[in-house]
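Structural description and commentary
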Amino acid sequence: MDKNRKHRSAKIMLLLTLPALLLTGCGNSSGTGPDPVDTEPAAATVTGTSGDPASSTDGHSATDAPAPATPTEKPTAVPDPSTVTLVIEDFNDITDVKKSLSPLDLSYFGITDPVFSFDGEYAQEGLALVNTLSSSTWCQAFELTGKRLNVFKEAKPEYYLRIWVAAPDESDVGLTFCLGTKSGKYRSYLDASKAIVTDVSGRVEKCVIGNDTSDAGENSSLRVPSGFRGYVALPLGELIPWKNYDGIDALENVNYLKIDARPSVTSVGDRYVLDALCISDSPVAALQPDGSDQSGQEEGPVFATKNEELDYMLSELLTREATFQYCPEYDPVGYPGVKALWLDGVKFGRKDTKVFAYIGFPEGASASKKVPAVVLMHGGGGYAYPNWVKLWNDRGYAAIAVCNTGYYPAKTGITDFFSASSWTRSVPKEVLETDPRVMPPDNDGMYSSTGSIDRMWMYHAVAQTIIANNLLRSDSRIDPDKIGLTGISWGGVIASIAIGYDSRFAFAVPVYGSGYLHEAHSWQKDNFNSTGTRELWEPSLRLKDVKMPVLWLCWADDNCFSVNSNSKSCLDTERGVLSIIQNMNHGHFEGWGREEIYRFADWAVKGGEPLAVPKTLPGKGRNVSFEVELPSDASVFSARVCYVDAPLSYSAGGRLKISGQDTIDQEWHFVSCDVNGGTVSVTLPEDAYSYYVELTVRAGGCNYISCTPFIDVN
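Residues numbered from 1 in each chain as written. Predicted model: local features only at pLDDT ≥ 70, side-chain atom pairs only at ≥ 80, totals over all residues. Heavy atoms only, no water.

Now for the overall build of the chain. Within the chain one finds 13 helices and 37 strands. Taken over 714 residues, the chain has a buried fraction of 55%. When the accessible area of the chain is evaluated, it comes to approximately 29,000 Å², of which 49% is carbon and sulfur surface. (Helix = DSSP H or I, 4+ residues; strand = E, 2+ residues; numbered from the N terminus. Buried < 20%, exposed > 50% of the residue type's maximum accessible area, 1.4 Å probe, protein only. Areas by Shrake-Rupley, 256 points an atom, 1.4 Å probe, with all protein chains shown as cover.)

A few words now on the packing of helix H4 (residues 306-317) against helix H7 (residues 457-474). Closest axis-to-axis distance for the H4/H7 pair is 9 Å, and the angle between their directions is 25 degrees. When the axis of H4 is compared with that of H7, the two are roughly parallel. Our pair here, H4 against H7, has a crossing hand that is right-handed. Counting all contacts with H4, which are made through Leu310, Met313, Leu314 and Leu317, the residues of H7 involved are Tyr459, Val462, Ala463, Ile466 and Asn470. Among the residues forming the contact of H4 with H7, the class breakdown is 8 nonpolar, 1 polar and no charged. (Axes fitted to C-alpha atoms, helices over the stretch in contact; angles between N-to-C directions. Parallel < 35°, antiparallel > 145°, perpendicular 65-115°, else oblique. Left-handed = near helix turned anticlockwise from the far one by under 90°. Contact = heavy atoms within 4.5 Å. Nonpolar A, V, L, I, M, F, W, Y, C, P; charged D, E, K, R; others polar.)

This paragraph deals with the sheet that holds strand S33 (residues 674-676). Note on sheets: strands pair through backbone hydrogen bonds, and any given pair is parallel or antiparallel. Here 4 strands make up an open sheet; going across it, the order is S27-S28-S34-S33 and the pairing antiparallel. Looking at the sheet topology across the chains shown, the edges are occupied by strand S27 (613-614) and S33. For S33 and strand S34 (residues 679-683), the ladder comprises 3 bridges, and the chain directions are antiparallel. Looking across to S34, one finds that Asn676 is bridged to Thr679. (Pairing = 2+ DSSP bridges.)

This brings us to the nonpolar core. With 142 residues, the main nonpolar core has Phe356, Tyr358, Trp392, Ile400, Met458, Tyr459 and Trp537 as its most contacted residues. Top element by residues in this core is H7. It accounts for 11 residues. If sequence neighbours within four positions are ignored, Tyr459 has contacts with Leu310, Met313, Leu314, Val346, Ile453, Asp454 and Trp537. In terms of nonpolar packing, the next biggest core, distinct from the first, is built from 45 residues, Leu161, Leu179, Leu222 and Phe228 among them. (Core = buried A, V, L, I, M, F, W, Y, C linked by side-chain atoms within 4.5 Å.)

Two quantities define a packed helix pair, namely the angle between the axes and the distance from one axis to the other. Between H7 and helix H8 (residues 490-498), whose axes approach to 9 Å, the crossing angle comes to 70 degrees. In terms of axis orientation, H7 runs roughly perpendicular to H8. Facing Trp457, Met458, Ala461, Val462 and Thr465 of H7, the residues of H8 in contact are Trp490, Val493, Ile494, Ile497 and Ala498. Residue composition of the contact of H7 with H8, by class: 9 nonpolar, 1 polar and no charged.

In this section: H7. The end-to-end C-alpha distance of H7 is 26 Å, a good match for the 26 Å that 18 residues give at a rise of 1.5 Å each. Most of H7 is tucked away, with 16 of its 18 residues classed as buried. (Expected span 1.5 Å × (residues − 1).)

With that settled, consider the pattern of salt bridges. Overall, the coordinates contain 30 salt bridges when judged by the stated rule. A salt bridge links Lys194 to Asp191; the shortest N-O distance between them is 3.6 Å. Taking the relative accessible area as the measure of exposure, Asp191 reaches 7% and is therefore buried. Across the pair Asp435 and Arg437 runs a salt bridge, and its minimum N-O distance is 2.9 Å. Across the pair, Arg437 and Asp435 agree in class, each one buried. What emerges from the salt-bridge pattern is a single network uniting Asp344, Lys354, Asp435 and Arg437. (Salt bridge = Lys/Arg side-chain N within 4 Å of Asp/Glu carboxyl O.)

At Asn583, a residue that is not glycine, the phi angle is positive and equals roughly 55 degrees. Locating Asn583 in the fold gives a position in the loop between strand S26 (575-581) and helix H12 (588-592). When its relative accessible area of 71% is taken as the criterion, Asn583 is described as exposed.

With that settled, the discussion passes to the packing of aromatic side chains. All chains considered together, the criterion is met by 29 aromatic pairs. Here a set of aromatic residues connected by ring pairs shows up, and it is made of Tyr330, Tyr335, Trp342, Phe356, Tyr358, Tyr383, Tyr407, Tyr408, Phe417 and Trp423. Directly above the ring of Trp342 sits Lys354, whose terminal nitrogen or CZ lies 4.4 Å from the centroid. Directly above the aromatic system of Phe361 lies the positively charged group of Arg477, at a separation of 3.6 Å from the ring centroid. (Phe/Tyr/Trp six-rings, centres within 6.5 Å; stacked < 30°, edge-to-face > 60°. Lys NZ or Arg CZ within 6 Å of the ring centre and 35° of its normal.)

Of the residues in the chain, 87% reach a pLDDT of 70 or more, and the chain-wide mean stands at 86. Ignoring residues within four places in sequence, the model shows residues 2-75, a span with pLDDT below 50, making 131 contacts including any to other chains. Here residues 290-298 is modelled with pLDDT under 50, and outside its nearest four sequence neighbours on either side it reaches 17 contacts, counting other chains as well. (pLDDT = per-residue confidence, 0-100.)

Before going further, it helps to examine helix H5 (residues 386-393). Here H5 lies mainly inside the structure; 6 of its 8 residues are buried. Listing the buried residues of H5 in full gives Pro386, Asn387, Trp388, Val389, Trp392 and Asn393.

Once that is clear, we can look at the environment of Asp674. Along the chain, Asp674 turns up in strand S33. Its relative accessible area of 54% is what places Asp674 among the exposed residues. If near-sequence neighbours (up to four positions away) are discounted, Asp674 is found in contact with Thr679, Val680 and Ser681.

Attention shifts here to the environment of Ile467. Examined against the element boundaries, Ile467 turns out to sit in helix H7. For the pair Ile467 and Leu343, spaced 124 residues apart in sequence, the C-alpha separation works out to 8.1 Å.

Quick look at the side chain of Asp260 now. Along the chain, the position of Asp260 falls in strand S14 (residues 256-263). In terms of polar contacts, Asp260 uses its side chain to reach the side chain of Arg262, at 2.7 Å. (Polar contact = N/O pair within 3.5 Å; in protein donor to acceptor, adjacent residues only side chain to side chain.)

This paragraph deals with the environment of Tyr160. Looking at the element boundaries, Tyr160 is found in strand S5 (residues 160-166). Distance from Tyr160 to Asp281, taken between C-alpha atoms, is 6.1 Å for residues 121 residues apart in sequence.

Encoded structure:
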């Protein structure tokens, strides 16, 4: 599992801190870069048409009774629409963005250009400039010069620089406006704290104010919130010299205008929209734009809680037809029976997504000879692996491996499926022109749990699991009652959540990952105690309702998870089996290499032999005795106690010594048990604090390990 693949864009910003600070107007990205907006930001002052601050009183005189402690806020009067409009740029006739708007080349800082387009959907009227973003486009700067700035000769200090802004997705956008001379000698910024920001309904928005660009000055930027659509207006009389520059001395001398934009990108495909840049005597024009009014869209169901909304969204998928397209150009080299395809995913905001997957069938599978199947979910730092598909195919199962983080092959003919260079999330512009679907979000470490559900990585990952099940169930070669699910590491977490929503799976095998991650001793506790995550995504919320057989397979010394979480998850599931493996290590090969997985699957859907399971659980105290249900093919059965002599704990100085991670502090100790048929008995040592009993069955020349729950002696 790659713990460090949570916030690629944030890391890029941090790496760029030093050079970015040297870049005029591109020092950092507010909220994600190294110089965040002030911790106690000012709000944009609300003014009327006269420019006077709006009154904060309720009309009573000083001799009246005191106002309530929390008075009801009076609505702000909507300013009168403009009578003077001096157009700088309406974006309607631009054919060459680079020539017309001179966006700065910020590639030196790792910042790529957005995909520029012109659209009427969110325009004030006509067309607007639409910037569609990728994870590295956290800063843009546009430089306007030429005759269009002659309007400043007619400008008055009481006028406004006004622009139409829309932020339709989940990314807010910070704006800084610089006025100056083309020579570069004089530079001033417009005081953002005096801005008037008015949405299409006439409501005046209070925006966060700061200094996004680092080198501008106090109150130089304002942050337009996501979902906003309306006018941003800044008084031209509030000019402040840019740091280390002489300020512009008169509006008539302005022949240079720079707009610095800082979207806080949450994922590929976010947009912000600019239109109707002008000078005006009013902070607003027509409140209802001539373009498409999105407020009239049909409203969906109303939910009391996010959990209720999530339940609805995922339950709707259970009956959705799985649509897909084969993409033979990406068929994996060396695996002739495995094919590449695009699954149609769920929407990311308003955008459709596509999900890459490999699918394969065992030889001889047909409508008259149906086979069982399995959905495969990879872990952090992993991808869809064709060899994992083939491994199951060779055992008689159809299998689909889903790339749950939005990656797909970087080129045709890749042969190293484990190298990061073989995979990409970037979709070329020319592809988007014919196929506008975007890639679903990457693993964000569960830190998007406060946003809208359709933009959360885990929602997409669980939805992809359900859709993959739908696809397998629709294939005539597959028995729909014999489809299982397995996932490794983060894929195990996905599986642990998905089985709470999709009861159609015939079995599940989460490997390493489980529920009760908010109680883990490893770093996973931070992920599942992040704001909103435990309440929405903790698998244990639904495990008690899971009826399918579930094998919880884990490593005793796992650096990413801890056995207490796996054990509690097993106890919650009605048909749970626990398998804690000593000396396993954490990885994809290790995770799919355990024979217990395939024996368990064969038992669930092929009538094979089971693993050994306790009929009764060990009680409290040191004298332990319990019964085990043994498979009929067991040639040898043995048991041993695995215990620690102190409360289970992880720390930075833990036994595994992994840099940057807490690992287990304790050593495991072992005591052999007495076995009489299916009866296991043992007296625990005096230093035993917590333990489990490992049950080993030898059958068909292979050892299979299962165990009791991990419990405290007392």
